[in-house]
Amino acid sequence: MSDSAERGREQAAERDPERDTEETGGQGREETAERKRERRNAAWQAAERVLWRSSHQQTVRSRLAWLNDGAESVYDLDRPVDMYGDRLVETLEERVAGLLGKETAAFFPTGTMAQQVALRCWAGRTGDATVAMHALGHPETHERHAFSRLSGLRPVRVTDEPRLPTAEEVRDFEEPFGSLMLELPLRDAGFVLPSWEELVAVTEAARERDAVVHFDGARLWECTPHLGRPLDEIAGLADSVYVSFYKSLDGLGGAAVAGPRTLIDEAKAWRHRYGGMVFQQFPTVLAALIGLDRELPRLPAYVAHARVVAAALREGFAEAGVPWARVHPEEPHTHQFQVWLPYDAEVLTDAAMLHTEETKTGLFGRWSRGGPGLALTEVTVAAQGLEWTAGDVKAAVADFVARLPG
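What you see is a predicted model, and the numbers here were worked out from it, not measured in a lab. (Residues numbered from 1 in each chain as written. Predicted model: local features only at pLDDT ≥ 70, side-chain atom pairs only at ≥ 80, totals over all residues. Heavy atoms only, no water.)

S.K.: So what exactly am I meant to see when it comes to the confidence of the model for the protein chain here?
M.R.: For the protein chain, per-residue confidence averages 92 on the pLDDT scale, and residues scoring 70 or more make up 93% of the total. Considering only residues more than four positions removed or in separate chains, one finds that residues 1-29, a stretch of pLDDT under 50, has 45 contacts. (pLDDT = per-residue confidence, 0-100. Contact = heavy atoms within 4.5 Å.)

Below is the structure:
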């Protein structure tokens, strides 16, 4: 679940007269969703061992220290600051274009804006505002239907299966479309990826239909181990690529679209119209450059260790006697994956919070409903997770399961 989605659900719960409650210290008291969120954040901040610590769970002081520590190594801080997208911003754009093997790139304050602009530019060029995409595609499921409500685009669902569309589905789709958008990895299906051969076939099928291909590559950075190709070769399959700087790279925010110069020049004009010409963006851009220097080279190690953690989680739940548990995918495609358990989401979320508070170990965060009596959570393995052995994971699972109802 995205951070914004989680906050929205919790704020809705707080407005509801039916408040969350729990027994604390032997006395019943009402505990709001907002209070539980504060407890979870406090528990994660105090945790001594975590698989990953999201930036929103850190303090302003720690994030400023991180930025100050890394900025000197990525840019000459005695140069003038940026103004309306020049200087430092252009340095980042050139860096991204080079990594992705594209002619040029444009920096955007948000990915929501970046992808709307890219797809509306392609719609103008193809003469077709229809965007073929997966039913779980981020712009329609997590951005309040931004494509259709704001940008005049018409999303159509190629498939709702928990995987990327196949070449046959794209080739045989019953109506025309001007653009095919592929989310790599498909986050809501479990951060899943196709094989390299499947990805090539899908892009070829789109071009057989005279459609352009756009990659929603918010997390493209960590796809190289599974696909077995470098970033520029992966991005080379698409006409344009969007990437994020805060999801896998630990930045403060921001995104970029890379592609042919004519497209990017038009995208910059639309960036201005959409309100994306921010006066100064140097903190966000510096953070992105730090992420490219520090986190990007580490991602293959995170992916490899995520597979160790996933296997240990499966074994740990089996050894703890949990009657049914799933890690999806069984061998993670990236450094993120899902865990499914046969309990209500609130029960698991509360158990995870108690586990973190009482053991100073952050194994699981918030859980989401996956069906009647079934819930899922997302697991991320990053730098802190590299310190965990398989035995550490199993021990943490046992401690977590001990806090579940019998």
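S.K.: Please clarify how the pairing of strand 14 (residues 368-371) should be interpreted in this entry.
M.R.: A regular strand places its side chains so that they alternate between the two faces of the sheet. As paired strands, strand 14 and strand 15 (residues 374-380) are joined by three bridges and run antiparallel to one another. Note that in strand 15 the partner of Ser 368 across the bridge is Leu 376. (Pairing = 2+ DSSP bridges. Helix = DSSP H or I, 4+ residues; strand = E, 2+ residues; numbered from the N terminus.)

S.K.: Quick question: what am I supposed to make of the sheet that holds strand 7 (residues 179-183) here?
M.R.: One key point about sheets: their strands pair by backbone hydrogen bonds, in either a parallel or an antiparallel sense. Strand order in the open sheet formed by seven strands is 4-10-9-8-7-5-6, and the pairing between neighbours is mixed. Taken across any chain shown, the strands that pair with only one partner, and hence form the sheet edges, are strand 4 (104-108) and strand 6 (154-157). The mean angle between the axes of side-by-side strands here comes to 25°, regardless of whether they run parallel or antiparallel. As defined by bridge partners, strand 5 (residues 130-133) adjoins strand 7 across two bridges and the pair is classed as parallel. Opposite Ala 132, over in strand 7, you have Leu 180 as the bridge partner. Where helix 4 (residues 88-100) meets the sheet, it contacts strand 4, strand 9 (240-244) and strand 10 (255-259), and its direction lies at approximately 130° from that of strand 4. (Axes fitted to C-alpha atoms, helices over the stretch in contact; angles between N-to-C directions.)

S.K.: So what exactly am I meant to see when it comes to empty space enclosed by the protein here?
M.R.: Take a probe with the size of a water molecule and roll it over the atoms, and the empty space left behind shows itself. Enumeration over the complete set of coordinates arrives at two cavities of 30 Å³ or more. In this structure, the largest cavity occupies an estimated 40 Å³ of space. In this structure, the largest cavity is lined by Met 133, His 134, Gly 137, Leu 164, Pro 165, Met 181, Leu 182, Glu 183 and Leu 186. Per-element tally for the lining of the largest cavity: the top contributor is strand 7, with three residues. Tallied by class, residues from the lining of the largest cavity come to six nonpolar, two polar and one charged. (1 Å grid on protein atoms, 1.4 Å probe; cavity = no way out; pocket = protein on both sides within 12 Å on 5 of 7 lines; lining within 4 Å. Points joined across faces, edges and corners; volume = space filled by probe spheres on them. Nonpolar A, V, L, I, M, F, W, Y, C, P; charged D, E, K, R; others polar.)

S.K.: How should unusual backbone geometry be read in this particular structure?
M.R.: Residue Pro 185 follows Leu 184 across a cis peptide bond; omega there is -10°. One can find Pro 185 in the loop between strand 7 and helix 9 (196-208). Geometrically, the link from His 328 to Pro 329 is a cis peptide bond, its omega value of -10° lying close to zero. Note on placement: Pro 329 falls in the loop between strand 11 (326-328) and strand 12 (336-341). Residues other than glycine seldom take positive phi values, yet Tyr 84 does so here, at roughly 55°. Here Tyr 84 is to be found in the loop between helix 3 (60-74) and helix 4. Positive phi is not limited to glycine here, since Asp 250 has a value of about 70°. With respect to the helices and strands, the residue Asp 250 is situated in the loop between strand 9 and strand 10. Taking relative accessible area as the criterion, Asp 250 reaches 21% and is therefore assigned partly exposed. (Buried < 20%, exposed > 50% of the residue type's maximum accessible area, 1.4 Å probe, protein only.)

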